[in-house]
Amino acid sequence: MSRYWSELAKGLSPYVPGEQPQIPGLVKLNTNESPFGPSPKAIEAIRAAASDTLRLYPDPQATRLRETLADYHKVAPDQVFVGNGSDEVLAHAFAALLKQPAPVRFPDVTYSFYPVYCRLLGIDYTTVPLDADMRVRVDDYLDRAGPVIVANPNAPTGIALPRTEIARLAAGRSDAAVVIDEAYVDFGADTAIPLIGEHPNLLVVQTMSKSRALAGLRVGYAIGDAGLIAALTRVKDSFNSYPLGRPAQAGAIASIADEAHFRETRAVIMQNRADLTAALIRLGFEVLPSSANFVFARHPERSGQALAAGLRERAVLVRHFTAPRISDFLRITIGSKAELTRLTEALREVLTQNS
Ligand code: PMP
């Protein structure tokens, strides 16, 4: 800290992202990246966009990308907002919709960026405990007025709610915005996008970082009633009118067009998840039912911290959180078959060595 810092900077407690270390031979299962490359067509489009036209600003409205996403999700372009990763889209949703006189509510165990946005933006928030099975219970959000944000599937549990439950939440909380963060929805959960026509308070946020393997490109988006989207656009245009560069817009458009690559890679990840879950159960782990590209698991005889440290010594990186209720769990990204074999072998070693 230096004396030049603003009060705002001094008071922040930033989100801590998963490490990106440079360790040779590392098996990196800590930040829910895809083990596969993005669509080759997306890479081609990004290369083509790396041209003389980079001297020009990109389309501030990302019109073609928004039209492409609108077509894909069967909504209108004015129901689509795009940003620099869904983290930025979420930040704008907090500022534009979730900052209200009533506190915003979200689960006690969820994406740990939400309270960080609240502190940055001066938003009151209340956490609502997950139930004993680590599930979000919609009824717990229906008793009090005010906005809500829920990740579905939730992170880091991986547990999803069915669309009917999201509909019940949006209808029951019609006094305020309900934001559903669907970063992991493509790995087996139901998207709430078909509900937006009936629920003008419902905003669905998705990302191209996970199921489209474009975490490095930074493209996220929101879909909702045009009235909600207009609020996000006002905030964006008060912050950065050009959040997505030309290569990002071009790459995202090409990725959406490559449905075959999307389906194939997603199917492999879901199959690997089933195989990893079975392997972990054989090693004595309890594994929460995941609809995401990671699993959340704990071992009855080992602390999460000891397991994560033992894996790290064997160049396998997983995510461990110290927060209450989840400190005994490991969050393990679904990697390739070879990576998951390395992981289970390392776990077997750690479990036998420490006993
Ligand atoms: N939501 C959730 C629940 C996440 O886990 C992540 C990834 N850390 C994000 C949003 C943000 O992803 P991105 O900014 O890459 O779109």
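Residues numbered from 1 in each chain as written. Predicted model: local features only at pLDDT ≥ 70, side-chain atom pairs only at ≥ 80, totals over all residues. Heavy atoms only, no water.

Now for the overall build of the chain. Looking only at helices and strands, one finds 11 helices and 12 strands in the chain. Against the compact-globule benchmark of 20 Å for 355 residues, the chain has a radius of gyration of 20 Å, which places it among compact chains. Seen along its three principal axes, the alpha-carbon backbone of the chain occupies a region of about 60 × 55 × 50 Å. Counting only residues that meet the buried cut, the chain has 52% of its 355 residues in that class. Long-range contacts, defined here as pairs at least 24 residues apart, represent 73% of the contacts in the chain between residues at least 6 apart. Accessible surface, the chain as shown: approximately 15900 Å² in total, 53% of it carbon and sulfur. Once the 38 positive and 38 negative side-chain charges of the chain are each reduced to a mean point, those two points are 3 Å apart. (Helix = DSSP H or I, 4+ residues; strand = E, 2+ residues; numbered from the N terminus. Rg over C-alpha atoms; globule rule 2.2 N^0.38 Å. Buried < 20%, exposed > 50% of the residue type's maximum accessible area, 1.4 Å probe, protein only. Contact = heavy atoms within 4.5 Å. Areas by Shrake-Rupley, 256 points an atom, 1.4 Å probe, with all protein chains shown as cover. Lys, Arg positive; Asp, Glu negative; His and termini not counted. Charge placed at Lys NZ, Arg CZ, Asp CG, Glu CD.)

For strand β10 (residues 294–298), the buried fraction is high: 4 of the 5 residues fall into the buried class. Pairing of strand β9 (residues 286–287) with β10 involves 2 bridges; the strand directions are antiparallel. Bridged to V287 within β10 is A297. Connecting β9 to the next strand, β10, in antiparallel fashion are 6 residues. Bridge count for β10 against strand β12 (residues 329–333) is 5 bridges, and the pairing is antiparallel. Note that in β12 the partner of V295 across the bridge is I332. (Pairing = 2+ DSSP bridges.)

A cis amide bond links N152 with the next residue in sequence, P153, at an omega value of 0 degrees. Relative to the helices and strands, P153 is located in the loop between β5 (148–151) and α6 (163–172). Following A155, the chain continues to P156 via a peptide bond in cis, the omega torsion being 0 degrees. Along the polypeptide, P156 turns up in the loop between β5 and α6. One non-glycine residue, N32, lies in positive phi territory at about 55 degrees. Structurally, N32 can be placed in the loop between β1 (27–29) and α2 (40–49). For N32, a relative accessible area of 1% puts it in the buried group. Although it is not a glycine, R218 adopts a positive phi angle of roughly 65 degrees. Within the element layout of this structure, R218 appears in the loop between β7 (202–207) and β8 (220–224). Looking at R218, the relative accessible area reads 29%, which means it is partly exposed.

This brings us to the pattern of salt bridges. Applying the stated criterion to the full structure yields 16 salt bridges. Put simply, D139 and R168 hold a salt bridge, and the shortest N to O gap is 2.9 Å. On the criterion of sequence distance, the pair formed by D139 in the loop between β4 (125–128) and β5 and R168 in helix α6 is long-range, its members being 29 residues apart. D237 is the partner of K236 in a salt bridge, and the nearest nitrogen-oxygen pair spans 3.2 Å. Judged by its relative accessible area of 40%, D237 falls in the partly exposed class. It is possible to trace a salt-bridge network through shared partners that takes in D139, E165 and R168. (Salt bridge = Lys/Arg side-chain N within 4 Å of Asp/Glu carboxyl O.)

What follows concerns the domain arrangement of the chain. Assigned domains of the chain: these are domain 1 (19–37 + 260–353) and domain 2 (41–257). Of note, the centres of domain 1 and domain 2, computed from C-alpha atoms alone, are 26 Å apart. Approximately 2000 Å² of surface area, both sides summed, lies buried where domain 1 meets domain 2, with 62% of it carried by carbon and sulfur atoms. Looking only at domain 1, the three residues that lose the most surface to domain 2 are F262, S291 and R325, adding up to 33% of its buried area. Joining domain 1 to domain 2, the criterion identifies 1 salt bridge. (Domains from an automatic or database assignment. Buried area = accessible area lost by both parts, 1.4 Å probe.)

A few words now on the site of the ligand. Surveying the vicinity of the ligand reveals 13 residues, the closest of which are S86, Y184, T207, S209 and R218. S86 has a polar side-chain atom sitting 2.7 Å from an oxygen atom of the ligand. Taking D181, its side chain carries an N or O atom lying 2.7 Å from a nitrogen atom of the ligand. No other element matches the 4 residues that helix α4 (residues 85–98) contributes to the shell around the ligand. In the shell around the ligand, the residues fall into 5 nonpolar, 4 polar and 4 charged. (Near = heavy atom within 4 Å. Polar contact = N/O pair within 3.5 Å; in protein donor to acceptor, adjacent residues only side chain to side chain. Nonpolar A, V, L, I, M, F, W, Y, C, P; charged D, E, K, R; others polar.)

Going through the model one piece at a time under the given rule, you end up with 12 aromatic pairs. With 5.6 Å between their ring centres and 70 degrees between their planes, F106 and Y114 make a pair best called edge-to-face. Classification of Y114 as buried rests on a relative accessible area of 0%. Taking 5.2 Å as the distance between ring centres and 20 degrees as the angle between the ring planes, the aromatic pair formed by F106 and Y125 counts as stacked. In this pair, F106 sits in strand β3 (residues 104–107) while Y125 sits in strand β4, placing the two residues 19 residues apart along the sequence. Residue F106 is classed as buried on the basis of its relative accessible area of 2%. (Phe/Tyr/Trp six-rings, centres within 6.5 Å; stacked < 30°, edge-to-face > 60°.)

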